[in-house]
Amino acid sequence: RPIIMWFRRDLRLADHVALTAAVATGRPIVPVFIRDAQCDSLGAAPRLRMGLAIGEFKRALRGINSDLVLRSGDPLAVLRDLIAQTGATSVYWSRLYDPAQKSRDTAVKSGLRAAGIDAQSFAGHLLFEPWTVATKTGGFYKVFTPMWKSVRDRDVGAALPAPATLRAPDVWPRSEDLQSWNMGAAVRRGARTLASYCVVGEKAAQTRLETFIAEKLAQYTVQRDQPGVAGTSGLSENLTYGEISPRQCWQAGMRARQSGIAAAEDFMRELVWREFAYQLAHHSPHILTRNWKPEWDNFPWNTDETAAVTAWKQGRTGIAFVDAAMREIYVTGVMHNRARMIAASYLTKHLMTHWKIGMAWFADCLIDWDPCSNAMGWQWVAGSGPDAAPYFRIFNPDTQLQKFDPAGHYAARWLCEGRQAPSRTALSYFDMVPSHWGLSPQDPYPAPIVTLAQGRARALAAYHAREVG
Ligand code: FAD
């Protein structure tokens, strides 16, 4: 009797706990991906990236005597249908932890079990499942550093090998065609350009990790903050779709640390920020939808799609670091972490705009979009989140650019107005923007829509005048 392996954000063969358990039974395995409402509600860039991940994973499964059955619809109904067609008696999957996925999975599990199906979920998306990390008093961590200290030396076990082959079912159930899902449809601008920046699939992710450890890790402590230097791993998109496991990254960091590379500790700490985001979303799910600290509900955020917000989205604020960042995300689907902090800070402080507006734009643009890391990142910058940067500490994007991009590489890569020989990447932005935005590389660089001094003074005045906090 086959086992249905329901894949979601775990599109890999190695270090896959649920798949390893399925293989160990010796039974045939029917891998399936279900395009459900949650998949359809993804933003444009993450949906395109998800489509690329699915295509690559299907190829990988075909390489080991298997396949990926593609179906659309309500997961419980689809799984019931597949059970009827294949005679499967078990359904396995890897657990996810954000509220929407949790409630869907809980309903699927009870629905299947009520029908006598062996429905089992397994770990794999995180290093530490949220309920395995607790403070001394039994609560969850609301501050990062104590959580990091409590897990930094934890044994996470060895990564599991990929199965050499999967036992196929006697008859494959019908599969839909990935092309017909049109996963890139919502990316109305240069989908091909965006796709060319994606590094897709398990093999590519492994190579990326190895190259990062061998060539970049030693300088990571300094270079990870420099947006003009490719000094970070770039693995967030792969972790998002599960093309690599966090344990494989952690083990690589641990080995490097043991071999005396001090910066390995910093890389491992960043991996724990992702864990922190997940345990916050698990224990306080409102972090995804409203101010984590309710006193921020009284803050006079702008919640409208103003001209300033449009300028921010279009990379036309007149503030170089912010504009470079916003063009980078539009063209490549990623944005350097320091640039994320600066762009988010300018929106929430100088433009006093609600972090939810920025969060939604990132959710539409990021190929590494992750509901928990995105929400935590925005609330951290805005000051409304747990362990957040205080609102009154306002980044100055100009001094930040001088400090972290002293040679001007990042600005040159993304800004072209007024430059003698603009870079190809800077020009590519203008190829991608829709014509109704009316932008041209020949335009003069815009004057600041809000100057840094004005924006800062206004934000601080609002902060000091608000009723609570
Ligand atoms: P590396 O420096 O190589 O770090 C290794 C891994 O650690 C990353 O791949 C990522 O999984 C994790 N990590 C690093 N920094 C963070 C962090 N601050 N928070 C959580 N995890 C982290 N990250 C996402 O994966 N998806 C998002 O949607 C997302 N939105 C963000 C929004 C804002 C406003 C901010 C400030 C940060 C956001 N981040 C998000 C976190 C961070 O910017 C990215 O994870 C990082 O830039 C990815 O680059 P990298 O893989 O080269 O990171």
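Computed from a predicted structure; not experimentally measured.

### What to know about the UniProt feature "binding site: FAD" (unreviewed entry) in the chain
Per the UniProt entry, the sites bearing "binding site: FAD" (unreviewed entry) are Tyr220, Thr232, Ser233, Gly234, Leu235, Ser236, Phe267, Asp368, Trp369 and Asp370 in this numbering. These residues run over 151 residues, and the two farthest C-alpha atoms among them are 22.8 Å apart, placing them at more than one spot. Turning to its location among the elements, serine 233 is positioned in the loop between α10 (220-223) and α11 (236-240). Residues within four places of serine 233 in sequence aside, it is in contact with Arg208, Leu209 and Phe212. Mapped onto the fold, phenylalanine 267 is located in helix α13 (residues 264-283). In contact with phenylalanine 267, not counting residues within four places along its chain, are Leu217, Tyr220 and Gly253.

### Considerations on the site of the ligand
What surrounds the ligand is a group of 27 residues, the closest being Thr232, Ser233, Ser236, Asn374 and Gly377. Those elements giving two or more residues to the shell around the ligand turn out to be α11, α13, α16 (337-350) and α18 (371-382). Tallied by class, residues from the shell around the ligand come to 12 nonpolar, nine polar and six charged. Residue contributions to the shell around the ligand reach at least three from each of two domains, namely domain 2 (126-157 + 190-283) and domain 3 (294-465).

### Digging into the environment of threonine 86
You can see threonine 86 is positioned in helix α4 (residues 75-86). Look at threonine 86 and you get buried, because 21 C-beta atoms sit within 10 Å. Sequence spacing of threonine 86 and alanine 308 is 222 residues, and the spatial spacing of their C-alpha atoms is 55 Å. Discounting chain neighbours no more than four positions away, the residues touching threonine 86 are Pro2, Val30, Pro169 and Pro173.

### Focus: the environment of asparagine 374
With respect to the helices and strands, the residue asparagine 374 is situated in helix α18. Distance from asparagine 374 to methionine 359, taken between C-alpha atoms, is 6.6 Å for residues 15 residues apart in sequence. Setting aside residues up to four positions removed in sequence, asparagine 374 forms contacts with Met359, Phe362, Ala363 and Trp369.

### Examining the sheet that holds strand β5 (residues 118-122)
Hydrogen bonds along the backbone pair up the strands of a sheet, which may run parallel or antiparallel. Pairing is parallel across the open sheet formed by five strands, whose spatial order is β3-β2-β1-β4-β5. Two strands bound the open sheet, and with one partner strand each, they are β3 (69-72) and β5. On average, adjacent strands in this sheet sit at an angle of 25° to one another, irrespective of strand direction. Where strand β4 (residues 90-94) meets β5, five bridges bridge the pair, whose relative direction is parallel. Residue pairing in the sheet places serine 94 in a bridge with phenylalanine 122 of β5. Contacting β1 (3-7), β2 (29-35), β4 and β5, helix α1 (residues 17-24) crosses the sheet at an angle of about 150° to β4. Relative to the sheet, helix α5 (residues 99-114) contacts β4 and β5, its axis offset from that of β5 by approximately 150°.

### Structural notes on the environment of arginine 340
Here arginine 340 shows up in helix α16. On the basis of neighbour count, arginine 340 is assigned to the buried category, with 22 C-beta atoms found within 10 Å. Taking the C-alpha atoms as reference points, arginine 340 and alanine 325, separated by 15 residues in sequence, lie 7.1 Å from one another. Non-local contacts of arginine 340, meaning those with residues more than four positions away in its chain, are made with Met335 and Gly377.

### Examining the packing of helix α15 (residues 320-332) against helix α21 (residues 424-432)
The N-to-C vectors of α15 and α21 enclose an angle of 65°; their axes lie 10 Å apart at closest approach. The angle between the axes of α15 and α21 places the two elements in the roughly perpendicular class. Read as a crossing pair, α15 and α21 show a hand that is left-handed. Across the interface between the two elements, Arg327, Tyr330 and Val331 from α15 touch Thr425, Ser428, Tyr429 and Met432 from α21. Taken together, the residues that form the contact of α15 with α21 break down as four nonpolar, two polar and one charged.

### Some remarks on unusual backbone geometry
Positive phi, close to 45°, is recorded for aspartate 15, a residue that is not glycine. Summarising the element assignment, aspartate 15 is placed in the loop between β1 and α1. One non-glycine residue, aspartate 387, lies in positive phi territory at about 50°. The residue aspartate 387 is located in the loop between α18 and α19 (397-404) in this model.

About the criteria used
Residues numbered from 1 in each chain as written. Predicted model: local features only at pLDDT ≥ 70, side-chain atom pairs only at ≥ 80, totals over all residues. UniProt positions renumbered as here; feature names shortened; annotations may be inferred. Helix = DSSP H or I, 4+ residues; strand = E, 2+ residues; numbered from the N terminus. Contact = placed C-beta atoms within 7 Å. Near = placed C-beta within 6 Å. Nonpolar A, V, L, I, M, F, W, Y, C, P; charged D, E, K, R; others polar. Domains from an automatic or database assignment. Buried ≥ 20, exposed ≤ 12 C-beta atoms within 10 Å, placed from the backbone. Pairing = 2+ DSSP bridges. Axes fitted to C-alpha atoms, helices over the stretch in contact; angles between N-to-C directions. Parallel < 35°, antiparallel > 145°, perpendicular 65-115°, else oblique. Left-handed = near helix turned anticlockwise from the far one by under 90°.

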